[in-house]
Amino acid sequence: MPKGGRKGGHKGRARQYTSPEEIDAQLQAEKQKAREEEEQEEGGEGAIGDPRKEKKSLDSDESDEDDEDYQQKRKGVEGLIDIENPNRVVQTAKKVTQLDLDGPKELSRREREEIEKQKAKERYMKMHLAGKTEQAKADLARLAIIRKQREEAAKKKEEERKAKDDASVAGKRLQSLSLNK
């Protein structure tokens, strides 16, 4: 049993359904009211040459869809209070046909920094391969020192090998002379 000992609950008692015709009539009335307010705000100056009005007069069968594109629904008390914030940017929805895909795309800060970083790295590698950077100069100097050391080591080995060969040849001569006696 529900609260208070009564039979039945509060749900489902007085449900009222609105017919689709009534909903359409209410929407049309709201759109008409919005048009009148817009005309009053414009003061009749934009009536001649207004592309929205000309399009509406030419294409009357598509007027329902066009009205929704040109007017934004105001939420809450936004329709009652006029806001004059110079920093506020009104977002407008663009149609797919209005998008400019061929134009230059603006890169985000991260993308720009990434591209600049890659270009700087490529420039540095070119300079490095040309031997113009400090690191490349240091590498070349170190390489020259290593080459000199290797040349000296090779000369020293060659001299030692020659000396060893000479010693072994001299030793064989002595041995052969001593055997011949």
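Everything numeric in this text was worked out from a predicted model, so none of it was measured.

Novice: For the overall build of the protein, give the residues involved together with the corresponding values.
Specialist: Along the protein, the regular secondary structure elements total 5 helices and 0 strands. Element order for the protein, N to C, with α for helix and β for strand: α-α-α-α-α. In the protein, buried positions account for 6% of the 181 residues. Put simply, of all contacts in the protein between residues at least 6 apart along the chain, 31% involve residues at least 24 apart.

Novice: A description of a nonpolar patch on the surface should follow, citing residues and the corresponding values.
Specialist: On the surface, Val77, Leu80, Ile81 and Ile83 cluster together into a nonpolar patch covering about 440 Å² of accessible area. Residue placement: isoleucine 81 occurs in the loop between helix 3 (63-70) and helix 4 (109-130).

Novice: Give me the lowdown on the pattern of salt bridges, citing residues and values where you can.
Specialist: For the coordinates displayed, the defined rule picks out 4 salt bridges. The closest approach of N and O atoms between glutamate 113 and arginine 109, which form a salt bridge, is 3.2 Å. Here the residue glutamate 113 and the residue arginine 109 both occupy positions in helix 4, the gap between them amounting to 4 residues, near one helical turn. Residue glutamate 113 is classed as partly exposed on the basis of its relative accessible area of 41%.

Novice: Account for helix 4, naming residues and giving values.
Specialist: With 22 residues, helix 4 should cover 32 Å at 1.5 Å per step; its first-to-last C-alpha distance of 32 Å lies within 8% of that length. Looking one or two residues beyond helix 4, the residue adopting positive phi is glycine 131, at roughly 85°.

Reading the values: rules and limits
Counting restarts for each chain: residues are numbered from 1 in the order of the written sequence. With the structure being a predicted model, the display of local features is reserved for residues of pLDDT at least 70 and the display and counting of side-chain atom pairs for 80 or more, all residues being used for whole-chain, interface and lining totals. The side-chain numbers reported here are obtained from all heavy atoms of the structure, hydrogens and water having been left aside. Numbered from the N terminus, helices here are DSSP runs of H or I no shorter than four residues, and strands are runs of E no shorter than two. Residue exposure (1.4 Å probe, protein chains only): buried if accessible area is under 20% of the type maximum, exposed if over 50%, otherwise partly exposed. By definition, residues are in contact when any of their heavy atoms lie within 4.5 Å. The residues that make up patches have over 30% relative accessible area and no salt bridge, and they are joined within 9 Å when like-charged or within 5 Å when they are Val, Leu, Ile, Met, Phe, Trp or Tyr. All accessible-area figures derive from a Shrake-Rupley calculation using a 1.4 Å probe, and residue coverage is judged against the displayed protein chains alone. Any Lys or Arg side-chain nitrogen located within 4 Å of an Asp or Glu carboxyl oxygen qualifies as a salt bridge. An expected span of 1.5 Å times one less than the residue number is assigned to each helix.

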